[in-house]
Amino acid sequence: MAQSEFNLDHEISWFVLPSYWAKIIVGLISCMCFANSYDGDFVFDDSEAIINNKDLRAETPLGDLWHHDFWGGKLSSNTSHKSYRPLTVLTFRINYLFAGGFHPVGFHVINIILHCAISVLMVDVFSILLGGLQYSSKGRRLNLAPKASLLAASLFAVHPVHTECGLNAVFDALVINKLNILELIQKVLHKDKSLENVGLFKKGLLFRITLLLSGGVTMLCMRWRIMGTGPPAFTEVDNPASFADSLFVRAINYNYYYSLNAWLLLCPWWLCFDWSMGCIPLIKSVSDWRIIALATLWFCLIALICQALCSQDSHKRRILTLGLGFLIIPFLPASNLFFRVGFVVAERVIYLPSIGYCMLLTYGFSLLSKQAKKKKMLAAAVLGILLINVLRCVIRSNQWRSEEQLFRSALSVCPLNAKVHYNVGKNLADKGNQTAAIKYYREAVRLNPKYVHAMNNLGNILKERNELQEAEGLLSLAVQIQPDFAAAWMNLGIVQNSLRRFEEAEQSYWTAIKHRNKYPDCYYNLGRLYADLNRHIDALNAWRNATVLKPEHSLAWNNMIILLDNTGNLAQAEAVGREALELIPNDHSLMFSLANVLGKSQKYKESEALFLKAIKANPNAASYHGNLAVLYHRWGNLDLAKKHYEVSLKLDPAAPGTKENYSLLKRKLEQLQKKGDV
């Protein structure tokens, strides 16, 4: 006859399946929830964490990963957010290596597989945490998955909000040593001499906990040292409550944030990629109705804690304590209790707490099943919750497929979040819809009048639309609010240059470089300013600085070649052109510029080869065909010259100089034909 340890299965009306079938089902439903996102784009933070992260590239030494933050910056830098996840970045690097570049499919598939694997493993984890393993009369474990563990693993697999942590000490004390926390507290309070009988000293528990704590403290000290022994620098928009002057306001809002996280676990329909910048207005008075939410949270938590400590049922105490442990302990680093964090709410930090939530929900279901007369109806209700969560997962993962869908999905959730409007605007601007982008950028600035990035991007669009006065006003305000905002200083310089206020533009460029000394684009624009002022040596030096900082800066190389060409320094122009092509061998604009120089130097054959190569790379460039025609015209290959003049005029009938050159060629051909007839 089969035996079993204490479990919730007696009260739960659910499926009894062999262990392997249970794991297959959990794996399939977890895959089904997120499979539709496998071929999505890189979105939101992916651009900085993956695409622009130099730590993913082979040229970055592996050792640098241990001194850099999640974004590839130095942890010791004052601008770093101190997000230290070297193992995660290492997996990105491996993915990049095997995928042969930045292909999002590989990254998404790996994440889906990892979640499926974790969900499957949770079947066994919940079997241990919740109990329910069955054994034969001979003590051999039966290959059956406990109903409670299958239900809890299913709830975990399909939960729409899903980071990293561990709870070895809690598990060691409650499961292995069966420590009675209430009894321990009572004995400590009464200074009972029989403390060793409680279980604290049994089986080396105290030694193992001390070892774990020592290891944790050592890791924290190492991380603190790597970080540069300084906390991350966050701004008020990242976490407004943490900047409140009143301790009361801070405490009330932190607790309200906890209640929001709890609500996301209970009802994960209200999800957003970012919760900062006014998404959640501060509670500043006890008359705010939202106080009810945090009061409800603490009422529930206190009730559960009392049951976990005071229940006479040891199995109930164990399940509730483990559930609360998994719910609370992994969340503590994000709680603002020990240090300020750079977010208000972040769905990623409740991945592990969702384990505790699933345990508590399963336990609650078992209590209801015990009291309910219509157990099948209750089971149907739980199945309905699973199906609703599956649907929400499918919808949410579909929203994460592209930035447009992700950003727009947040408009209804956080309409007061300036960052949401900023990102919608940026996405529209990237797609060329400047008119719509302006609307969202303006709304972002209205919601957050100090949002310098929105001002900078809006100023850029207005600059391109030649609305220079308003653009200058926005960019001037941005640098006034944030004096070290290098990009805004550079863009302000571009606007001032367009307004022909050259001295102010030069000063703005140098200010940008002062705040970001490795700024190739700013050196490039400074070079353009000097070229407009006929300060040719200064222009060449500025462009040379741009190429030193960014060797693939094609525009800077091109401008150097063209300026040297226009000033008659053909030999120097040729040398610069060859140097540029060695670094950027497939850049057709560089081929074109060097071909022009070689043609003027009467190196016709080499010039022709470069022109043809440039045309092959960009066959619809009218100027490429027009200048090749000029080369053939000089060279005496008049038929080929005629052919390429005609192609150039077909591509661009108004191509400057081409029509006149073509007319000259036709007259020459007519003259030659007349001579031939004579």
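Computed from a prediction, not measured in an experiment: that's the story for all the values here. (Residues numbered from 1 in each chain as written. Predicted model: local features only at pLDDT ≥ 70, side-chain atom pairs only at ≥ 80, totals over all residues. Heavy atoms only, no water.)

**Focus: the packing of aromatic side chains**
Heads up, the rule is: Here is the rule: rings of Phe, Tyr and Trp (six-membered ring for Trp) pair when centre to centre is within 6.5 Å. Planes less than 30 degrees apart are stacked, more than 60 are edge-to-face, and the remainder are tilted. Under the scheme used here, helices are H or I runs from DSSP no shorter than 4 residues and strands are E runs no shorter than 2 residues, and both carry numbers assigned from the N terminus. Buried residues are those whose accessible area, probed at 1.4 Å on protein chains only, stays under 20% of the maximum for their type, while exposed residues exceed 50% and partly exposed ones sit between those limits. Only lysine NZ and arginine CZ atoms are considered, and such an atom sits over a ring when it is within 6 Å of the ring centre and within 35 degrees of the ring normal.
One pass over the full model with this rule turns up 13 aromatic pairs. A centroid spacing of 5.8 Å and a plane angle of 50° characterise the contact between Y422 and Y441, whose relative ring orientation is tilted. Remark: Y441 occurs in helix α16 (residues 434-447) and Y422 occurs in helix α15 (residues 418-430); sequence separation between them is 19 residues. Judged on exposure class, the residue Y422 and its partner Y441 are both buried. Sitting above the plane of the Y519 ring, R516 keeps its charged end 4.0 Å from the centroid.

**Description of α15**
Using the following cut-off: By this rule, a helix spans an expected 1.5 Å times one less than how many residues it contains. Here, residues are in contact when the closest pair of their heavy atoms is within 4.5 Å. We define a polar contact as two N or O atoms separated by no more than 3.5 Å, with the added condition that, inside protein, one atom must be a possible hydrogen donor and the other a possible acceptor, whereas residues neighbouring each other in sequence contribute only through side-chain atom pairs.
The end-to-end C-alpha separation of α15 is 18 Å, in line with the 18 Å expected for 13 residues at 1.5 Å each. Along α15, the positions that sit buried rather than exposed are A418, K419, V420, H421, Y422, N423, V424, G425, N427 and L428. Where α15 is buried, its residues meet α14 (403-409), α16 and α17 (452-464). N-capping of α15 is provided by N417, with a side-chain oxygen placed 2.8 Å from the backbone N of K419. Note on α15: the residue one or two positions beyond its end, G432, has a positive phi of about 90°.

**Details of the pattern of salt bridges**
Rule in force here: Basic side-chain nitrogens of Lys or Arg form a salt bridge, by our definition, when they fall within 4 Å of a carboxyl oxygen of Asp or Glu.
For the coordinates displayed, the defined rule picks out 20 salt bridges. The shortest N-O distance in the salt bridge between E574 and R578 comes to 2.8 Å. A residue pair is termed a helical-turn pair when its members lie 3 or 4 positions apart in one helix, as E574 and R578 do in helix α24 (residues 570-583) at 4 residues. Judged by relative accessible area, which is 12%, E574 ranks as buried. Here the residues in one salt-bridge network are E574, R578, K603 and E606, joined through shared partners.

**Describing the nonpolar core**
Side chains that are nonpolar tend, in soluble globular proteins, to be buried together. To be explicit about the condition: Joining through side-chain atoms within 4.5 Å is the link that ties buried Ala, Val, Leu, Ile, Met, Phe, Trp, Tyr and Cys residues into a set, and such a set is a nonpolar core. Boundaries of every domain are those given by an automatic assignment or by a domain database.
F126, W275, I280, Y509 and W543 are the most contacted members of the largest nonpolar core, which has 167 residues in total. Here this core spans two domains, since at least three of its residues come from each of domain 1 (166-232 + 239-371) and domain 2 (417-517). Each residue touching W275, except ones within four places of it in the same chain, is listed here: L264, W270, I280, V344, V345, E347, V413, C414 and N417. Counting residues in each nonpolar core, the second largest holds 9 residues, with A49, I50, L56 and F92 among its members.

**Here we look at the state of the cysteines**
Rule in force here: Two cysteine sulfurs form a disulfide in these notes if their separation is within 2.5 Å.
Under the counting rule described, the total for this entry stands at 1 disulfide. Here C279 connects covalently by a disulfide to C414, the sulfurs 1.7 Å from one another. Highlighted residues: C279 in the loop between α9 (247-266) and α10 (291-310) and C414 in the loop between α14 and α15, separated in sequence by 135 residues. The exposure classification of C279 matches that of C414, with both residues buried. Here C116 is not disulfide-linked; the sulfur of C31 is the nearest cysteine sulfur, at 4.5 Å. Of all cysteine sulfurs, the one in C33 lies closest to C393, which takes part in no disulfide; the gap is 4.0 Å.

**Observations regarding the packing of α17 against helix α18 (residues 468-481)**
Filter applied, for reference: Axis lines are fitted through C-alpha atoms, for helices just across the contact stretch, and the angle between N-to-C directions can take any value from 0 to 180 degrees. Orientation labels follow simple angle bins: below 35 degrees gives roughly parallel, above 145 gives roughly antiparallel, 65 to 115 gives roughly perpendicular, and whatever is left gives oblique. Handedness of a helix crossing follows the sense of rotation of the near helix relative to the far helix, less than a right angle counterclockwise being left-handed and clockwise being right-handed. Polar here means any residue other than Ala, Val, Leu, Ile, Met, Phe, Trp, Tyr, Cys and Pro, which are nonpolar, and Asp, Glu, Lys and Arg, which are charged; Gly is therefore polar.
Between α17 and α18, whose axes approach to 8 Å, the crossing angle comes to 160°. In terms of orientation, α17 lies roughly antiparallel with respect to α18. For the crossing formed where α17 meets α18, the hand is left-handed. On α18, the residues that touch V452, M455, N456, L458, G459, L462 and K463 of α17 are L468, E470, A471, L474, L475, L477, A478 and I481. Here the residues of the contact of α17 with α18 are counted per class, giving 11 nonpolar, 2 polar and 2 charged.

**Here's the deal with a nonpolar patch on the surface**
What counts is decided by this rule: Here, patches come from residues exposed beyond 30% relative accessible area and free of salt bridges, joined within 9 Å for like charges and within 5 Å for nonpolar side chains (Val, Leu, Ile, Met, Phe, Trp, Tyr). For accessible areas, the Shrake-Rupley method is used with a probe of radius 1.4 Å. Any residue's cover is judged against the shown protein chains and nothing else.
Residues Y38, V105, V109, I110, I113 and L114 make up a contiguous nonpolar surface patch of about 490 Å² in total accessible area. Along the polypeptide, Y38 turns up in the loop between α1 (19-34) and α2 (46-51).

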